[in-house]
Amino acid sequence: MSTTATFDRWLKKTVEQLSEIDGVEHDTLNDGTINFKISYNGVSHEMQLDGSASEIRIQKDQFSQIRDTLTNLGIIEGQTYVAPKRSRKPMSPDMAAARARQQKEFQDWQEVWRIVRKAEVSLDREYEISNMLDYY
C-alpha cells in the first residue's frame, strides 16, 4: 500500500512552510525520510518523518510528532502577535525592519500550526470514508 494523496499533499505543504522559516534545516533522504533540525529561541530539536508511510494511523502520528515538537520548542498554537511597546522616540528603519521580521516569523510558525491541523482533519475524513467504503 502506498501513501495517500492527502498525506502527500499536506506533508509537502508542511515541509515547504517549515523550510521557509529561519532556524529550520531539513534533508530528504532517498528512502523518503525527511530529517528536520528546528531551532527556536536558543532551543533546538531534531525530528524525523517518514514520507512513505502507508497507514493513516502512522501518517497522523507524524503530524502529532510535529505538534509535539512545536509545543516543546515553545511555539504555542493560536497565539496572536503582540508587538513590543513603542517608545516615544521615533523608530529607526533598522528597528522597523527587525519588528517586521519578528512578526513574519511569528506568522510563519502559526501557519505551520494551521497546516498541521488541516492535515489531521483531512486524514480523519479519509479514514472515515475508507471505513464507510469497507463497511458498505
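Below is a short write-up of the structure. (Residues numbered from 1 in each chain as written. Predicted model: local features only at pLDDT ≥ 70, side-chain atom pairs only at ≥ 80, totals over all residues. Heavy atoms only, no water.)

### A few points about the pairing of strand 2 (residues 33–40)
Here is step 1 of the chain: Relative to strand 2, strand 1 (residues 24–28) runs antiparallel, the two being bridged by 5 bridges. Paired with V24 across the two strands is I38, which belongs to strand 2.
Here is step 2 of the chain: One ladder, built from 8 bridges, connects strand 2 with strand 3 (residues 43–50); its direction is antiparallel. By the bridge assignment for strand 3, N35 is matched with Q48.
Here is step 3 of the chain: Taken together, strand 2 and the strand that follows it, strand 3, pair antiparallel across an intervening segment of 2 residues, in which N41 is found at a positive phi of about 50°. (Pairing = 2+ DSSP bridges. Helix = DSSP H or I, 4+ residues; strand = E, 2+ residues; numbered from the N terminus.)

### Some details on the nonpolar core
Here is step 1 of the chain: Residues F36, F63 and W109 are the most contacted members of the largest nonpolar core, which totals 26 residues.
Here is step 2 of the chain: Of all the secondary-structure elements, those providing two or more residues to this core are helix 1 (5–19), strand 2, strand 3, helix 2 (56–73) and helix 3 (93–135).
Here is step 3 of the chain: Broken down by element, the residue count for this core peaks at 7 residues, all from helix 3.
Here is step 4 of the chain: Here W109 is in contact with L18, I21, V24, I38, Y40, L70 and I75, once residues within four sequence places are set aside. (Core = buried A, V, L, I, M, F, W, Y, C linked by side-chain atoms within 4.5 Å. Buried < 20%, exposed > 50% of the residue type's maximum accessible area, 1.4 Å probe, protein only. Contact = heavy atoms within 4.5 Å.)

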